[in-house]
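Overview (structure and organization)
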Amino acid sequence: MSVPDQAQARAMRLSLAVGFVMLVIKMGAYLLTGSAAILGDAAESVVHVAAVVFAAYSLWLAAQPADENHRYGHSKIAFFSAGIEGGLIILAAVFIIYESIHRWIEGLTVANLGAGVLLTLSTVVINAWLGWYLIRTGRQQQSLILVANGRHVLTDGWTSLGAIVGLGLMHLTGAAWWDPVCGLIMAGNILVSGYDLLRQSVAGLMDHADPELTRQLDEALARETAARGVTFHALRHRNAGHVHYVDVHFLFPDDITLREAHRITTDIERTVMKCTEQAVHFTTHLECVGDHDELHPGDSLT
Ligand SMILES: [Zn+2]
Ligand SMILES: [Zn+2]
Ligand SMILES: [Zn+2]
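Basis of the calculations
Residues numbered from 1 in each chain as written. Chains lettered and ligands numbered in written order. Predicted model: local features only at pLDDT ≥ 70, side-chain atom pairs only at ≥ 80, totals over all residues. Heavy atoms only, no water. UniProt positions renumbered as here; feature names shortened; annotations may be inferred. Axes fitted to C-alpha atoms, helices over the stretch in contact; angles between N-to-C directions. Helix = DSSP H or I, 4+ residues; strand = E, 2+ residues; numbered from the N terminus. Parallel < 35°, antiparallel > 145°, perpendicular 65-115°, else oblique. Nonpolar A, V, L, I, M, F, W, Y, C, P; charged D, E, K, R; others polar. Buried < 20%, exposed > 50% of the residue type's maximum accessible area, 1.4 Å probe, protein only. Phe/Tyr/Trp six-rings, centres within 6.5 Å; stacked < 30°, edge-to-face > 60°.

In the annotation of an unreviewed UniProt entry, the entry for the protein chain reads Transporter, and the organism field reads Brevifollis gellanilyticus. According to its UniProt record, the protein chain has this under Subcellular location (unreviewed entry): "Membrane". Per UniProt, the protein chain carries the Sequence similarities (unreviewed entry) text "Belongs to the cation diffusion facilitator (CDF) transporter (TC 2.A.4) family."

Structure, rendered in structure tokens:
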């Protein structure tokens, strides 16, 4: 394992361990209080541990080198991981909505407020720190899996905070409906976060072209090809998780030798690679001006 892989694996192990501890604390807080908001929080924790287990598996699989059956490597698992994490968060939100409405209608009350609030507050502090750490490590290592996991952890922190605010308002005003109302607000926040993860997952699986990368590639290719008397067209790129695969056509003068064209192409590829923020891998199709339209009639030169 290389150094970045170790940093990612360490972050994920920590996330998993903390996830289990959070689950135990939240279950304890629910058993003490019987609060709808805290139950929602605990339910989210069950989902959370399941999601982190899958994220840890994804992180391991993504690091496996290309093999006979997966010749582009395994990094696309990151998009499944984000999708499953998003789907599970949404499931938790639906459960919280159900429980909040149920407890609202039943008019169930809450016990042991102080202890419940204190326990939940401790999970907020721990999750805020863990979420920040995961997102920072994920951004440094360009790991969508870690960033998604970190955002999930932060969402949990907000959920817990919502539960505390609900219990506090209930205590101050004496109105029992504050608890389920805060449960519903938290659920809304969780839904937004889950939708965002799903969107990222679908974008990755559908090879959504990052407009910023398109702009950087267009700009660098236009500059570097023009400087060498070449033009380019049919630019495509897609995100494999850890690297963006780029393919493009270069159009050369008719009298160029293959040796020369390959030399120029490699030079352009290497220069452009240094101009993009994200890691890119090139596959370039070499063509000549004279018979391009005859060989590729449908191939637009723009
Ligand atoms: Zn072409
Ligand atoms: Zn080559
Ligand atoms: Zn061709």
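Picking up where we left off.
Next up on the list: the packing of helix H2 (residues 36–62) against helix H3 (residues 77–106). Their axes nearest at 9 Å, the elements H2 and H3 cross at an angle of 170 degrees. Relative to H3, the element H2 lies roughly antiparallel. Residues belonging to the contact of H2 with H3 are distributed by class as follows: 18 nonpolar, 4 polar and 4 charged.

What follows is about the UniProt feature "transmembrane region" (unreviewed entry) in the protein chain. Following the UniProt record, one finds the feature "transmembrane region" (unreviewed entry) at residues 12–33, 45–65, 77–98 and 110–135. Helix and strand shares over residues 110–135 are 88% and 0% respectively, and the end C-alpha atoms of the span are 35 Å apart.

Negative phi is the rule for most residues except glycine; trans is the rule for most peptide bonds. The backbone of Asp 207 sits at a positive phi, close to 55 degrees, despite the residue not being glycine. Among the structural elements, Asp 207 can be located in the loop between helix H6 (178–205) and helix H7 (211–226). The backbone of Ala 234 sits at a positive phi, close to 55 degrees, despite the residue not being glycine. Tracing the backbone through its elements, the reader meets Ala 234 in strand S1 (residues 231–239). Taking relative accessible area as the criterion, Ala 234 reaches 23% and is therefore assigned partly exposed.

Attention shifts here to the packing of aromatic side chains. Going through the model one piece at a time under the given rule, you end up with 5 aromatic pairs. Centre to centre, the rings of Phe 54 and Tyr 57 are 6.0 Å apart; their planes meet at 50 degrees, and the pair counts as tilted. You can see Phe 54 and its partner Tyr 57 sitting in helix H2, 3 residues apart, about one turn around the helix. Overall, Tyr 57 belongs to the partly exposed group, its relative accessible area being 40%. Pairing Tyr 72 with Tyr 245 gives two aromatic rings, centres 4.9 Å apart and planes at 85 degrees, and the pair type is edge-to-face. Here Tyr 72 is found in the loop between H2 and H3, whereas its partner Tyr 245 is found in strand S2 (residues 244–252), with 173 residues between them in sequence. Overall, Tyr 245 belongs to the buried group, its relative accessible area being 18%.

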